[in-house]
Amino acid sequence: MSWLFGYKSQAPPQGGGDGGPEPPGPPPSSAGSAGQMAGDANLTKAERKAMEAYRFDSSALERAAEAARTLERSKHAREALELSKMQENTRQQEYLAKVKEYEAHIETSKVEQKRVDHEERRKTLAEETKQQQQRAQYQDQLARKRYEEQLAQQQRVQEENLRKQEESVAKQEAMRRKTIEHEMELREKNKMKLLEAELRAKAKVDRENRDLTLEQIRLKAEENRITVMEGIKTAGSVLGQGATALLTDWNKVVTTVGGLSLLALGVYTAKGATGVTARYVEARIGKPSLVNETSRFSLLEALKHPIDTVKRLKHRPTDALQGVVLQPKLEERLRDIAIATKNTKNNKGLYRNILMHGPPGTGKTMFAKRLATHSGMDYAIMTGGDVGPMGREAVTAIHKVFDWANTSRRGLLLFIDEADAFLRKRSSEQISEDMRSALNAFLYRTGEQNPRFMLVLASNTPEQFDYAINDRLDEMVEFTLPGLEERERLIRLYFDQFVLQPAAEGKKRFKVEQWDYSAVCSRMAKMCEGMSGREISKLGVSWQAACYASEEGILTEQMVLDRCEAAARQHRQKMAWLSEQEKLDHKSITGGKGFLTQ
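Quick caveat: nothing in here was measured; it's all calculated off a predicted structure.

Enquirer: Even after reading the chapter, I still don't get the overall build of the protein, so can you show me in this structure?
Expert: Helix and strand counts for the protein stand at 18 helices and 9 strands. By the burial criterion, 26% of the 598 residues in the protein qualify as buried. A separation threshold of at least 6 residues defines the contact pool for the protein, and within that pool the share at least 24 residues apart is 80%. Here the protein displays about 41800 Å² of accessible surface, and carbon together with sulfur accounts for 55% of that area.

Enquirer: Just checking my understanding: could you explain the pairing of strand E2 (residues 354–357) for this structure?
Expert: Within a regular strand, the side chains alternate between the two sheet faces. Residues Ile 354 and Met 356 point to one face of E2 and Leu 355 and His 357 to the other, with burial holding for every one of them. Across 4 bridges, E2 lies against strand E5 (residues 453–459) in parallel orientation. Counted as the bridge partner of Ile 354 is Val 456 from E5.

Enquirer: Is there a simple way to explain the packing of aromatic side chains in this structure?
Expert: For any pair of aromatic rings, geometry is given as the distance between the ring centres together with the angle between the planes. Tallied over the entire structure, the rule returns 9 aromatic pairs. Between Phe 495 and Trp 543, the aromatic rings sit 5.4 Å apart at their centres with planes inclined by 70°, giving edge-to-face as the arrangement. Of this pair, Phe 495 sits in helix H14 (residues 484–504) while Trp 543 sits in helix H16 (residues 533–549), and the two are 48 residues apart along the sequence. Each of the two residues, Phe 495 as well as Trp 543, counts as buried. Pairwise contacts between aromatic rings join Phe 402, Phe 422, Phe 442 and Phe 453 into one cluster.

Enquirer: Explain the packing of helix H9 (residues 328–346) against helix H10 (residues 364–375) here, please?
Expert: Packed helix pairs are specified by the crossing angle of their axes together with the interaxial distance, meaning the distance between the axes. Where H9 contacts H10, the two axes come as close as 8 Å, and the packing angle between them is 40°. In terms of orientation, H9 and H10 fall into the oblique class. Along this stretch, H9 crosses H10, giving a crossing that reads as right-handed. Of the residues in H10, those touching H9 at Leu 334, Ile 337, Ala 338, Ile 339, Thr 341, Lys 342 and Lys 345 are Phe 367, Leu 371, His 374 and Ser 375. Its residues assigned to classes, the contact of H9 with H10 comprises 6 nonpolar, 3 polar and 2 charged.

Enquirer: How do you make sense of H14 when you look at a structure like this?
Expert: The periodicity of an α-helix, 3.6 residues per turn, causes residues three or four positions apart to be oriented the same way. Taking 1.5 Å of rise per residue, 21 residues should cover 30 Å, and H14 covers 28 Å from first to last C-alpha, within 8% of that figure. Where H14 bends most, the angle comes to about 40°, and this point is Asp 496. Of the surrounding secondary structure, the elements contacted by the buried residues of H14 are H9, strand E7 (511–512), helix H15 (517–527), H16, strand E8 (554–555) and helix H17 (557–577).

Enquirer: Got a minute to help me understand empty space enclosed by the protein in this structure?
Expert: Think of a ball as big as a water molecule: rolled over the atoms, this probe shows where empty space is left. By the definition in use, this model includes 2 cavities of 30 Å³ or more. By volume, the largest cavity is sized at about 50 Å³. Forming the walls of the largest cavity are Tyr 351, Asn 353, Arg 445, Thr 446, Glu 448, Gln 449, Asn 450 and Phe 453. A class-by-class count of the residues in the lining of the largest cavity yields 2 nonpolar, 4 polar and 2 charged. Put simply, the second largest cavity is a space of about 30 Å³. In this structure, the second largest cavity is lined by Met 382, Ile 398, Val 401, Phe 402, Leu 414, Phe 422 and Phe 442. Looking at the lining of the second largest cavity element by element, the count peaks at 3 residues for helix H11 (residues 393–406). Classifying every residue of the lining of the second largest cavity gives 7 nonpolar, no polar and no charged.

Enquirer: What is the right way to look at a nonpolar patch on the surface in this model?
Expert: A contiguous nonpolar patch, built from Met 192, Leu 195 and Leu 199 and spanning about 270 Å² of accessible area, is present on the exposed surface. By secondary structure assignment, the location of Leu 199 is in helix H5 (residues 77–248).

Enquirer: Help me understand the pattern of salt bridges in this model?
Expert: Oppositely charged side chains can form a pair if their charged atoms are brought close together. By the definition in use, this model includes 21 salt bridges. Among the ionic pairs, Arg 333 bridges to Glu 475, the shortest N-O distance being 3.4 Å. Of this pair, Arg 333 sits in helix H9 while Glu 475 sits in strand E6 (residues 475–478); the two residues are 142 residues apart in sequence, bridging distant segments of the chain. Classification of Glu 475 as buried rests on a relative accessible area of 9%. Its salt-bridge partner being Arg 352, residue Glu 475 comes within 3.0 Å of it at the nearest N-O pair. In this pair, Glu 475 sits in strand E6 while Arg 352 sits in the loop between H9 and E2, placing the two residues 123 residues apart along the sequence. In this structure Arg 352 comes out as partly exposed when scored by relative accessible area, which is 38%.

Cut-offs and rules
- Residues numbered from 1 in each chain as written.
- Predicted model: local features only at pLDDT ≥ 70, side-chain atom pairs only at ≥ 80, totals over all residues.
- Heavy atoms only, no water.
- Helix = DSSP H or I, 4+ residues; strand = E, 2+ residues; numbered from the N terminus.
- Buried < 20%, exposed > 50% of the residue type's maximum accessible area, 1.4 Å probe, protein only.
- Contact = heavy atoms within 4.5 Å.
- Areas by Shrake-Rupley, 256 points an atom, 1.4 Å probe, with all protein chains shown as cover.
- Pairing = 2+ DSSP bridges.
- Phe/Tyr/Trp six-rings, centres within 6.5 Å; stacked < 30°, edge-to-face > 60°.
- Axes fitted to C-alpha atoms, helices over the stretch in contact; angles between N-to-C directions.
- Parallel < 35°, antiparallel > 145°, perpendicular 65-115°, else oblique.
- Left-handed = near helix turned anticlockwise from the far one by under 90°.
- Nonpolar A, V, L, I, M, F, W, Y, C, P; charged D, E, K, R; others polar.
- Expected span 1.5 Å × (residues − 1).
- Bend = angle between axes of the 7 residues up to and from the residue.
- 1 Å grid on protein atoms, 1.4 Å probe; cavity = no way out; pocket = protein on both sides within 12 Å on 5 of 7 lines; lining within 4 Å.
- Points joined across faces, edges and corners; volume = space filled by probe spheres on them.
- Patch = residues over 30% accessible without salt bridge, like charges linked within 9 Å, V, L, I, M, F, W, Y side chains within 5 Å.
- Salt bridge = Lys/Arg side-chain N within 4 Å of Asp/Glu carboxyl O.

Structure below.
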C-alpha cells in the first residue's frame with residue numbers, strides 16, 4: 001500500500017500503484033529546481049544516487065492523504081481495504097513462490113554443477129588414462145627402438161668381428177698358400193736337379209755303351225732276316241707241293257669243290273633257320289615291343305622276376321571288383337560282364353569287345369586287370385601313344401601284337417589305354433599316311449570276333465574314334481567320378497591300407513593318434529568332391545608322408561584333415577586350369593551318374 005502513504009522505493013513511480021494515473025501535484029518551483037541542480041552538479045555519481053534514494057516527495061504524500069479522505073467518504077471503503085489486503089497477500093504468496101522457485105533453481109544449479117564437475121572429473125581421468133597409455137606406448141616404442149639399436153649395434157659388432165675373422169682367415173690362407181707354393185717350388189727344383197743328374201748319368205752310360213748297343217742291334221736284325229727268309233722259302237715249297245698234288249689228282253679237286261659247296265649251303269641254312277627260330281620265339285614266348293605290361297608267362301620275365309612270377313601264378317582273386325570302388329549300378333553291370341567273360345572263356349566262345357570311357361583315374365585299367373585275372377585269361381596292356389612314333393614300322397608292330405595274342409592258350413585280354421591316340425577319325429582328322437595304315441591294319445585284325453583274344457579300349461574322349469572302330473565295339477561302359485558314398489568307401493579303403501595296416505604292423509616312426517576315424521572319413525568324403533579314385537589314393541600316400549615328416553612319427557587328426565584340404569585345393573586349381581575345349585572334351589569330369597550302354 002505504498003501508493004496510499006505516498007512514498008517510493010528507489011526511483012519515482014511512473015504511475016499509480018494499481019496502474020492508474022497519479023493525481024497531478026504542484027510543480028516544483030524553478031528556483032528550487034535550479035538550486036537543487038546546482039548542488040547536485042558538485043556531487044559525484046555515487047553521492048547523487050544516494051541522495052536520490054533518500055529524497056522525500058511531499059506532493060505524493062498530499063495526493064495520498066487526499067486519496068485516503070476520498071476513500072473514507074466512499075461507501076466502498078471497506079471492500080477496497082479488503083481488496084488491497086487480498087492483493088498484498090497475493091503478492092506475498094507470489095513472492096514466496098518465486099523465492100521457492102529461486103531456491104529450487106539454486107538446488108538444480110548445484111546438482112547440475114555437481115554433474116558438470118563429475119563429467120569434468122571423468123574426462124580428466126579419461127584424458128589422464130589416455131596420456132598414460134600414450135606415455136606407455138611412447139616408452140614401449142623407445143624401449144623397442146633402444147632394443148633394435150642394441151641389436152643393430154650387436155649385428156654391426158658381429159659383422160665387424162666376422163670381417164676381421166675373414167680377413168685373418170684370408171691372411172692365414174694366403175700365408176699357407178704361399179708356404180705351399182714355396183714348398184712346391186723347392187720340391188720342383190729338387191726334382192729338376194735330380195732329373196738332370198739322372199739324365200747326365202744316363203747319357204754318360206749311354207755314351208759308354210753305345211758301341212755295344214749298336215752291335216747287339218745288328219746281330220738281332222741279321223737273325224730276324226734269316227728267320228723270315230727261311231719261313232718264306234718253307235711256305236712256298238709247301239704250297240707249291242700242295243697245288244701240284246691237287247691239280248694232278250682229279251679226285252682231290254672234286255672233293256675240295258664239294259666241301260666248299262656244302263660249307264656255303266650250311267651257312268645259308270643256319271642263317272635262315274636262326275631267323276625262323278627267332279621269329280617263332282618272339283611270337284610264341286617273347287613279348288612284342290608295343291606291349292608294356294602282361295601277365296602272360298615268359299621265360300625271360302620269369303628268370304628276371306621269379307618271385308613275382310610265382311605269386312602271380314598262385315594268386316587267383318575270386319571277385320573281379322576286388323579293390324575297385326564304383327557306383328552300385330556300375331558295379332552290378334561290371335560284375336555281369338566279368339561273369340559272362342569267365343563263362344565265355346570256359347566254354348571257348350567268342351569274346352566281346354568293350355569300350356571303357358570316362359575321366360582319368362576312375363578305375364578303367366584296374367578293372368581290366370581284375371577282369372582278365374578273374375576269368376582266367378592273360379592280359380596285355382599297351383598305349384595308343386606308342387604307335388605314332390613308330391612310323392612305317394607301326395603296321396608290322398600291330399600285326400606282331402595280334403599274332404602274339406592268337407598264340408595264347410588261356411586267352412588274352414588286350415587292353416589299349418588312350419586308344420584314341422591312333423584310332424582317330426579318318427574323315428575329319430588330319431592324320432599321316434603311317435597312322436592311316438596303322439588304323440587300317442588294326443581294323444583288318446579286329447574285323448571279326450575272336451575266341452583267342454578280347455579287345456578292351458579305354459579313352460577319355462571316345463567321340464574322337466573312327467566310325468569303323470565304333471562298329472567293332474560290342475559294349476560301352478562309362479566310368480564317372482565317384483559320388484559321396486563311393487568317396488567315403490574309397491577313403492576308408494585307403495585309410496585302412498596306407499595308415500591303419502602300417503601302424504598295426506609296428507613300422508618305425510608310424511603311429512596313429514586315437515580319434516573317431518569314421519566321422520573323420522565321412523567329413524573328408526565331403527571335402528573331396530569332384531576328385532577321382534587315383535587322387536584319393538594319392539591322398540592316402542600323403543598321409544603316410546605327413547606321418548614320416550612329423551617329429552614324433554604320430555599321425556594326428558589335424559594332419560589328416562590338413563592333407564585332405566590341401567588335396568582338395570590342388571584339385572580345384574587343376575580344374576581351373578582346364579580350357580573350355582578341355583572341359584567340353586571331358587564333360588564327364590563335372591560328374592553325373594555312371595551308366596552302361598549296349
